[in-house]
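Coordinates in review
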Amino acid sequence: MRSAVVVAGGRSTRFGDADKAVAELAGTPMIRRVADRLVSTVDELVVNCRADQRAAIESAMGDYPLPVRYALDTDTDEGPMAGIGTGLGACDGEYAVVVACDMPFVDSGVVEYLFERAEEENVDAAVPKLDDGWYQTTQAVYRADAMAAACEAALERGDRKILAPLEELAWVVVEESEIREHGDVGTFENVNTRDEFEDAQTRF
Ligand SMILES: Nc1nc2c(ncn2[C@@H]2O[C@H](COP(=O)(O)OP(=O)(O)OP(=O)(O)O)[C@@H](O)[C@H]2O)c(=O)[nH]1
């Protein structure tokens, strides 16, 4: 069994007054667009968000075809890594893909490849690294229980860095060239501002 975690507990400060997770992107809430692209590769979906976001997100998820569960932040505003850990802690699958709620172009071919790398190499994570040097930890596959525990341990020692939990795990780096062989590198595009949102909207 495979799980997906959509991380949505951020404050969307660059976006303005609204929560970008549920903003209607070409007629469909952005989080729903992300979730829809994961249906073919996973068996269940976990949404990580704050309690005050839940009703709007539940309504955005509407008639989603897979089981959806909510992993609510107990401590809010602890950053993306805390959200990843909370979401992964609620997964039933051994492996889970984590995707940020603002990545509406997520490519199922890339997600499938990340699962295969993690499963076949029996590692705790498969994390893409682009040619610009950035690790894409908010679109990566993790062994759910190991990464959840590592996130908790990192937070306990006061380290909120996104790569901190990986220090104690066995993981593989997936290079941009390998990503390109399995899908579109635009999979990592994320929408932060209104301008980026308007621009993304024209591409659906
Ligand atoms: N649970 C949780 N998720 C977070 C937190 N901060 C960011 N995220 C999520 O991590 C992902 C990447 O974060 P950003 O793109 O910076 O989103 P954001 O923090 O809402 O936006 P800005 O306020 O504009 O930085 C998004 O899916 C966010 O929802 C947090 O404190 N807690």
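We now turn to the structure provided with this report.

Conventions used here
- Residues numbered from 1 in each chain as written.
- Predicted model: local features only at pLDDT ≥ 70, side-chain atom pairs only at ≥ 80, totals over all residues.
- Heavy atoms only, no water.
- Helix = DSSP H or I, 4+ residues; strand = E, 2+ residues; numbered from the N terminus.
- Buried < 20%, exposed > 50% of the residue type's maximum accessible area, 1.4 Å probe, protein only.
- Contact = heavy atoms within 4.5 Å.
- Areas by Shrake-Rupley, 256 points an atom, 1.4 Å probe, with all protein chains shown as cover.
- Phe/Tyr/Trp six-rings, centres within 6.5 Å; stacked < 30°, edge-to-face > 60°.
- Lys NZ or Arg CZ within 6 Å of the ring centre and 35° of its normal.
- Pairing = 2+ DSSP bridges.
- Axes fitted to C-alpha atoms, helices over the stretch in contact; angles between N-to-C directions.

The helix and strand tally for the protein stands at 7 helices and 9 strands. Its C-alpha atoms give the protein principal-axis dimensions of about 40 × 40 × 30 Å. The buried share of the protein, reckoned over its 204 residues, is 52%. Of all intrachain contacts in the protein linking residues separated by at least 6 positions in sequence, the fraction that spans at least 24 positions is 72%. For the protein, the accessible area works out to roughly 8,900 Å², and carbon and sulfur atoms hold 45% of it.

One pass over the structure, following the stated rule, counts 3 aromatic pairs. Consider the rings of Tyr-135 and Trp-171, whose centres lie 5.6 Å apart with planes at 65 degrees: the pair is edge-to-face. With Tyr-135 in the loop between β7 (125-129) and β8 (139-143) and Trp-171 in strand β9 (residues 171-175), this pair connects stretches of sequence that are 36 residues apart. The partly exposed category is assigned to Tyr-135, whose relative accessible area is 27%. A relative accessible area of 28% means that Trp-171 is categorised as partly exposed. Note that Arg-33 overlies the ring of Phe-204, its terminal NZ or CZ placed 4.2 Å from the centroid.

Spatial ordering of the open sheet is given by β5-β4-β1-β6-β8-β7-β9, a layout of 7 strands whose pairing is mixed. The outermost strands of the open sheet, each flanked by one partner alone, are β5 (68-72) and β9. Adjacent strand axes in the sheet meet at a mean angle of 25 degrees, parallel and antiparallel pairs treated alike. Relative to strand β4 (residues 44-49), strand β1 (residues 2-7) runs parallel, the two sharing 5 bridges.

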